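# Descriptive analysis of the structure
Single-letter residue listing:
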Amino acid sequence: EDQVTQSPEALRLQEGESSSLNCSYTVSGLRGLFWYRQDPGKGPEFLFTLYSAGEEKEKERLKATLTKKESFLHITAPKPEDSATYLCAVQEGGFKTIFGAGTRLFVKA
Amino acid sequence: DTGVSQNPRHKITKRGQNVTFRCDPISEHNRLYWYRQTLGQGPEFLTYFQNEAQLEKSRLLSDRFSAERPKGSFSTLEIQRTEQGDSAMYLCASSPRDTGGTNEKLFFGSGTQLSVL
């Protein structure tokens, strides 16, 4: 059965303290790995899609990388406005996107 | 770009009552999805439409749940005889017409928060 596991469940950082979030997955025939950001009371907002091992994508302070079994979301010099839940998701051959439970990030000024 | 719209934003109901939620996707998107999310968990897939056809339905979706997308535009999700375990955020998402099968990013609405008392 397809699975997405994210760690840690929660992460508390000081402003400017860089760190990484992990997403490990098991899926047959990966069609894409996605990162979303979710703020309280809102729906997830798309950040990145990664398709093959070795691929990297960047957006402002965020950088996503992909290997054959896991993905990392690196956050460089975070700011308080980066506080949110970050969701990892995978899509296999069908139309269903499977989400992990997310990592709740708290960045303190 | 009006985004994905969901109504109502909040719904409080008593156990045993029926509820219906509405989702208006981004107008040019032909694919529509319903997800359910509980506190501390990621969104859980419920069902998927391509235009007006319901192509996939989660095994977790009991027969108390039904979804429709008449004319391939807006969609409704109905829950009959609600139970306390139905309390959750119900999220709708849409995605554009397949451009080669390599980009299925989802555009989510803000969800309907259901509380069953």
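Residues numbered from 1 in each chain as written. Chains lettered and ligands numbered in written order. Predicted model: local features only at pLDDT ≥ 70, side-chain atom pairs only at ≥ 80, totals over all residues. Heavy atoms only, no water.

## Comments concerning the overall build of chain A
A count of helical and extended segments in chain A gives 0 helices and 11 strands. Counting helices and strands in the order they occur from the N terminus, chain A gives β-β-β-β-β-β-β-β-β-β-β. Over its C-alpha trace chain A gives a radius of gyration of 13 Å, about what one expects of a compact globule, namely 13 Å for 109 residues. In terms of overall dimensions, chain A has a C-alpha envelope of 40 × 30 × 20 Å along the principal axes. Counting the 109 residues in chain A, one finds 46% classified as buried. Put simply, of all contacts in chain A between residues at least 6 apart along the chain, 53% involve residues at least 24 apart. (Helix = DSSP H or I, 4+ residues; strand = E, 2+ residues; numbered from the N terminus. Rg over C-alpha atoms; globule rule 2.2 N^0.38 Å. Buried < 20%, exposed > 50% of the residue type's maximum accessible area, 1.4 Å probe, protein only. Contact = heavy atoms within 4.5 Å.)

## Observations concerning the interface of chain B and chain A
Across the boundary between the two partners, chain B contributes 24 residues, which contact 19 residues of chain A. Both faces combined, the contact of chain B with chain A buries some 1,700 Å², and carbon together with sulfur accounts for 54% of it. Broken down residue by residue, the surface that chain B buries against chain A is led by Glu-104, Lys-105 and Phe-108 of chain B, which jointly contribute 23%. Taken together, chain B and chain A are joined by 0 salt bridges. (Buried area = accessible area lost by both parts, 1.4 Å probe. Salt bridge = Lys/Arg side-chain N within 4 Å of Asp/Glu carboxyl O.)

## With respect to the packing of aromatic side chains
In the structure shown here, the tally under the stated rule is 10 aromatic pairs over all chains. Considering the side-chain rings of Tyr-35 of chain B and Phe-45 of chain B, the 5.8 Å spacing of their centres and the 75° angle between planes classify their relative orientation as edge-to-face. Of the two residues, Tyr-35 of chain B sits in strand β4 (residues 31-37) while Phe-45 of chain B sits in strand β5 (residues 44-50), which places them 10 residues apart along the sequence. These aromatic residues form a ring-pair network of at least three members: Phe-34, Tyr-36, Phe-46 and Phe-99 of chain A together with Tyr-35, Phe-45 and Phe-108 of chain B. Geometry around Phe-74 of chain B places Arg-22 of chain B over its ring, the cationic atom sitting 3.9 Å from the centre. (Phe/Tyr/Trp six-rings, centres within 6.5 Å; stacked < 30°, edge-to-face > 60°. Lys NZ or Arg CZ within 6 Å of the ring centre and 35° of its normal.)

## Quick notes on the nonpolar core
Counting 24 residues, the largest nonpolar core has Leu-33, Trp-35, Leu-73 and Tyr-86 of chain A as its most contacted members. Of all the elements in the fold, those that place two or more residues in this core are β2 (10-14), β3 (19-26), β4 (32-38), β5 (45-50), β7 (62-66), β8 (70-75), β9 (84-91) and β11 (103-108) of chain A. A total of 4 residues in this core trace back to one element, the largest contributor, which is β9 of chain A. Excluding residues that lie within four positions of it along the chain, Tyr-86 of chain A makes contacts with Gln-6, Leu-21, Trp-35, Tyr-36, Arg-37, Leu-47, Leu-62, Leu-73, Gly-102, Thr-103 and Leu-105 of chain A. Of all hydrophobic cores here, the second largest spans 19 residues; its members include Cys-23, Ala-67, Ala-88 and Tyr-90 of chain B. (Core = buried A, V, L, I, M, F, W, Y, C linked by side-chain atoms within 4.5 Å.)

## With respect to the sheet that holds strand β8 (residues 75-79) of chain B
Residue and element names in this part refer to chain B. What the 4 strands build is an open sheet, ordered β1-β3-β8-β7; its pairing is antiparallel. Edge positions in the open sheet fall to β1 (5-7) and β7 (65-68), since each of these has one partner strand only. Within this sheet the neighbouring strands show an average axis-to-axis angle of 15°, counted without direction. With 5 bridges joining them, strand β3 (residues 19-24) and β8 adopt antiparallel strand pairing. Bridge pairing in β8 places Arg-22 opposite Thr-76. (Pairing = 2+ DSSP bridges. Axes fitted to C-alpha atoms, helices over the stretch in contact; angles between N-to-C directions.)

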